[in-house]
Amino acid sequence: MAMISSHKCHLCKLSAMVLCLLFDLVINSISEFKEFSDSPQTSHRVKRVHYFLTGLQAICQTSTFLCLFLLLCDTFPFQIGLLGALSKRFSIVLWLHLIYFGMTCLVSGLRLVRFSFS
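It should be emphasised that the depicted structure is a prediction, and the values quoted were computed from it without experimental measurement.

Scanning the chain for helices and strands turns up 4 helices and 0 strands. From first element to last, N terminus to C terminus, the chain shows the α and β order α-α-α-α. Residues counted as buried form 23% of the 118 residues belonging to the chain. The contacts in the chain between residues at least 6 apart in sequence include a share of 74% that link residues at least 24 apart. Working note: accessible area of the chain is about 8,700 Å², and carbon and sulfur atoms make up 74% of it.

Residues Phe65, Ile92, Trp95, Leu96, Leu98, Ile99 and Met103 make up a contiguous nonpolar surface patch of about 760 Å² in total accessible area. Ranked by residues supplied to the nonpolar patch, first place goes to helix α4 (residues 83-117) with 6 residues.

We now examine the state of the cysteines. Within the structure shown, the criterion is met by 0 disulfides. Its sulfur unpaired, cysteine 60 is 4.5 Å from the next cysteine sulfur, which belongs to cysteine 20.

How each quantity is defined
Residues numbered from 1 in each chain as written. Predicted model: local features only at pLDDT ≥ 70, side-chain atom pairs only at ≥ 80, totals over all residues. Heavy atoms only, no water. Helix = DSSP H or I, 4+ residues; strand = E, 2+ residues; numbered from the N terminus. Buried < 20%, exposed > 50% of the residue type's maximum accessible area, 1.4 Å probe, protein only. Contact = heavy atoms within 4.5 Å. Areas by Shrake-Rupley, 256 points an atom, 1.4 Å probe, with all protein chains shown as cover. Patch = residues over 30% accessible without salt bridge, like charges linked within 9 Å, V, L, I, M, F, W, Y side chains within 5 Å. Salt bridge = Lys/Arg side-chain N within 4 Å of Asp/Glu carboxyl O. Disulfide = S-S within 2.5 Å.

Listed below in C-alpha coordinates is the structure:
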(Lines give C-alpha, C1' and ligand atoms only; values in the text may rest on other atoms or scores of the structure.)
Protein backbone atom coordinates (compact mmCIF):
# COMPACT_ATOMS: atom_id res chain seq x y z
CA MET A 1 0.00 0.00 0.00
CA ALA A 2 1.51 3.29 -1.06
CA MET A 3 1.57 6.16 1.41
CA ILE A 4 -0.10 9.41 0.48
CA SER A 5 2.50 12.09 -0.17
CA SER A 6 2.57 15.00 2.24
CA HIS A 7 1.84 17.41 -0.64
CA LYS A 8 -1.41 15.59 -1.48
CA CYS A 9 -2.35 15.42 2.20
CA HIS A 10 -1.70 19.15 2.59
CA LEU A 11 -3.77 19.87 -0.53
CA CYS A 12 -6.67 17.76 0.83
CA LYS A 13 -6.65 19.63 4.16
CA LEU A 14 -6.49 23.00 2.42
CA SER A 15 -9.31 22.01 0.04
CA ALA A 16 -11.47 20.86 2.96
CA MET A 17 -10.88 24.17 4.74
CA VAL A 18 -11.79 26.20 1.64
CA LEU A 19 -14.93 24.11 1.08
CA CYS A 20 -15.97 24.66 4.71
CA LEU A 21 -15.46 28.41 4.32
CA LEU A 22 -17.51 28.47 1.10
CA PHE A 23 -20.26 26.46 2.79
CA ASP A 24 -20.20 28.93 5.68
CA LEU A 25 -20.57 31.78 3.19
CA VAL A 26 -23.57 30.09 1.58
CA ILE A 27 -25.22 29.48 4.97
CA ASN A 28 -24.70 33.14 5.92
CA SER A 29 -26.27 34.27 2.66
CA ILE A 30 -29.25 31.94 2.95
CA SER A 31 -29.88 32.81 6.60
CA GLU A 32 -29.74 36.54 6.07
CA PHE A 33 -31.93 36.76 2.98
CA LYS A 34 -34.50 34.06 3.69
CA GLU A 35 -37.98 35.47 3.16
CA PHE A 36 -40.61 35.05 5.83
CA SER A 37 -44.26 34.26 5.51
CA ASP A 38 -47.22 35.36 7.60
CA SER A 39 -48.76 31.91 7.82
CA PRO A 40 -48.09 30.03 11.09
CA GLN A 41 -47.17 26.78 9.34
CA THR A 42 -44.54 28.42 7.18
CA SER A 43 -43.24 30.51 10.07
CA HIS A 44 -42.69 27.37 12.17
CA ARG A 45 -40.94 25.67 9.24
CA VAL A 46 -38.70 28.72 8.67
CA LYS A 47 -37.70 28.70 12.36
CA ARG A 48 -36.70 25.04 12.12
CA VAL A 49 -34.68 25.71 8.98
CA HIS A 50 -32.83 28.56 10.71
CA TYR A 51 -32.09 26.43 13.78
CA PHE A 52 -30.74 23.74 11.46
CA LEU A 53 -28.63 26.24 9.50
CA THR A 54 -27.22 27.70 12.72
CA GLY A 55 -26.14 24.23 13.84
CA LEU A 56 -24.61 23.50 10.44
CA GLN A 57 -22.73 26.78 10.53
CA ALA A 58 -21.25 26.01 13.95
CA ILE A 59 -20.15 22.57 12.73
CA CYS A 60 -18.70 24.12 9.58
CA GLN A 61 -16.68 26.72 11.49
CA THR A 62 -15.42 24.12 13.94
CA SER A 63 -14.33 21.98 10.99
CA THR A 64 -12.54 24.96 9.49
CA PHE A 65 -10.65 25.52 12.74
CA LEU A 66 -9.70 21.82 12.88
CA CYS A 67 -8.43 21.96 9.28
CA LEU A 68 -6.36 25.01 10.16
CA PHE A 69 -4.95 23.24 13.20
CA LEU A 70 -4.10 20.16 11.11
CA LEU A 71 -2.34 22.39 8.58
CA LEU A 72 -0.32 23.96 11.39
CA CYS A 73 0.59 20.50 12.70
CA ASP A 74 2.38 19.78 9.44
CA THR A 75 4.74 22.73 9.82
CA PHE A 76 8.34 22.23 10.82
CA PRO A 77 8.18 24.48 13.94
CA PHE A 78 5.24 22.47 15.31
CA GLN A 79 6.97 19.16 14.70
CA ILE A 80 10.16 20.16 16.53
CA GLY A 81 8.31 21.83 19.40
CA LEU A 82 8.72 25.52 18.66
CA LEU A 83 5.14 26.32 19.57
CA GLY A 84 6.01 29.82 20.79
CA ALA A 85 7.41 30.83 17.41
CA LEU A 86 4.48 29.23 15.62
CA SER A 87 1.92 30.94 17.84
CA LYS A 88 3.58 34.33 17.28
CA ARG A 89 3.50 33.88 13.52
CA PHE A 90 -0.09 32.61 13.29
CA SER A 91 -1.69 34.31 16.28
CA ILE A 92 -3.51 36.84 14.08
CA VAL A 93 -5.12 34.06 12.04
CA LEU A 94 -6.21 32.18 15.14
CA TRP A 95 -7.57 35.32 16.84
CA LEU A 96 -9.45 36.36 13.70
CA HIS A 97 -11.03 32.93 13.49
CA LEU A 98 -12.10 33.08 17.13
CA ILE A 99 -13.50 36.60 16.67
CA TYR A 100 -15.37 35.49 13.55
CA PHE A 101 -16.81 32.51 15.41
CA GLY A 102 -17.89 34.77 18.28
CA MET A 103 -19.52 37.25 15.93
CA THR A 104 -21.29 34.43 14.10
CA CYS A 105 -22.64 33.12 17.40
CA LEU A 106 -23.82 36.62 18.34
CA VAL A 107 -25.54 37.25 14.98
CA SER A 108 -27.09 33.77 14.93
CA GLY A 109 -28.33 34.21 18.49
CA LEU A 110 -29.88 37.58 17.66
CA ARG A 111 -31.45 36.11 14.52
CA LEU A 112 -32.94 33.20 16.49
CA VAL A 113 -34.24 35.53 19.22
CA ARG A 114 -35.89 37.64 16.54
CA PHE A 115 -37.58 34.50 15.17
CA SER A 116 -38.78 33.39 18.58
CA PHE A 117 -40.58 36.72 19.10
CA SER A 118 -42.13 36.82 15.65
